[in-house]
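# An overview of the molecular structure
Residue strings, one per chain:
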Amino acid sequence: MNPKLKNIISLTISLGIGFFFIWLSLIKLTPDQKKDIIIAIRNANFWWVALAIPLGILSHFLRAIRWKMLIETMGYKPRNSNMFFAVMIGYFSNNLVPRLGEVTRCAALAKTDKIPVEKLFGTVFIERVIDLIITMIVTVFIFVSQFDLLNGFLNDTIYPMLGS
């Protein structure tokens, strides 16, 4: 099959599935709920949406670059675009099945850049360990720097509720 035709069919099926799920979520709404949605859309401040979209894309691109830096230590040179799209495929897969994205982004990059999947899994594992360590450091820093606020909250709110 022609690769261009295959891409068109794939895109059409993907969009069709997406529109089906949108239709499925909207079909059971009452007329009042539909009216509330239209009013909310009309009153929305789209400046924030316009700001969030490029910032969101930038964060995903930076995640792809961070992952690329780990892969390059093994001697592979994947393209930035392939890295970005692999990360995006991973996010999409996570919407279907949680944690499936880690597998699919490795599989996608293995297919496009001919990098062994087991090596890519290793980089994802390392990435998760680094994320965990950084999260723990930030959490400890917050607890230490905001100890007075946390202590006041515990004394004023939590301990009285536990006593009663």
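To keep things clear, this report deals only with the structure shown in the data block. (Residues numbered from 1 in each chain as written. Predicted model: local features only at pLDDT ≥ 70, side-chain atom pairs only at ≥ 80, totals over all residues. Heavy atoms only, no water.)

### Some points on the layout of surface pockets
Rule in force here: Within this scheme a cavity is a closed region of a 1 Å grid, computed over the protein atoms alone, that accommodates a 1.4 Å probe without allowing it to escape, whereas a pocket is open but has protein on both sides within 12 Å along at least five of seven lines; lining residues each have an atom within 4 Å of a point. Grid points are joined across faces, edges and corners, and a volume is the space filled by probe spheres set on the points. Counting from the N terminus, the helices are the DSSP runs of H or I reaching at least four residues and the strands are the DSSP runs of E reaching at least two. Here the term charged refers only to Asp, Glu, Lys and Arg, the term nonpolar to Ala, Val, Leu, Ile, Met, Phe, Trp, Tyr, Cys and Pro, and the term polar to all other amino acids, Gly among them.
By volume, the largest pocket is sized at about 730 Å³. Lining the largest pocket are 18 residues, and of these Asn7, Ser10, Phe85, Ile89 and Ala108 lie nearest its centre. Of all the secondary structure elements, the ones that give two or more residues to the lining of the largest pocket are helix H1 (3-27), helix H4 (80-96) and helix H5 (100-113). At 7 residues, the largest contribution of residues to the lining of the largest pocket is made by H4. Residues that form the lining of the largest pocket fall into these classes: 9 nonpolar, 7 polar and 2 charged.

### What to know about the packing of H4 against H5
The condition that has to hold: Here an angle of 0 to 180 degrees is reported between the N-to-C directions of two axes, which are lines fitted to C-alpha atoms, with helices fitted over the stretch in contact. Should an angle fall under 35 degrees it is called roughly parallel, over 145 degrees roughly antiparallel, and 65 to 115 degrees roughly perpendicular, with every other angle called oblique. When the near helix sits turned anticlockwise from the far one by under a right angle, the crossing is termed left-handed; a clockwise turn instead gives a right-handed crossing. Contacts are assigned to residue pairs with any non-hydrogen atoms lying within 4.5 Å of each other.
At a minimum axis separation of 7 Å, H4 and H5 run at an interaxial angle of 150°. Here H5 runs roughly antiparallel to H4, going by the angle between their axes. As for the relative orientation of H4 and H5, their crossing is right-handed in sense. Facing Asn82, Met83, Ala86, Val87, Ile89, Gly90, Ser93 and Asn94 of H4, the residues of H5 in contact are Leu100, Gly101, Glu102, Thr104, Arg105, Ala108, Leu109, Thr112 and Asp113. Considering only residue class, the contact of H4 with H5 consists of 7 nonpolar, 7 polar and 3 charged.

### Some words on a nonpolar patch on the surface
Quick note on the threshold: Each patch is built from salt-bridge-free residues with over 30% relative accessible area, joining like charges within 9 Å and nonpolar side chains (Val, Leu, Ile, Met, Phe, Trp, Tyr) within 5 Å. Areas reported here follow the Shrake-Rupley algorithm with a probe of radius 1.4 Å; residue values treat only the protein chains shown as occluding. Salt bridge, as used here, is a side-chain nitrogen of Lys or Arg placed within 4 Å of a carboxyl oxygen of Asp or Glu. Here the term buried applies to any residue with accessible area under 20% of the maximum for its type, exposed to any over 50%, and partly exposed to those in between, with areas from a 1.4 Å probe on protein chains only.
On the surface, Leu11, Leu15, Phe19, Ile22, Leu26, Ile37, Ile41, Phe46, Val49, Ile53 and Ile57 cluster together into a nonpolar patch covering about 1000 Å² of accessible area. Within the residue set of the nonpolar patch, elements represented by two or more residues are H1, helix H2 (31-43) and helix H3 (46-72). Sort the elements by how many residues they give to the nonpolar patch and H1 lands first, with 5 residues. Looking at the element boundaries, Ile57 is found in helix H3. On the basis of relative accessible area, Ile57 is assigned to the partly exposed category, the value being 45%.

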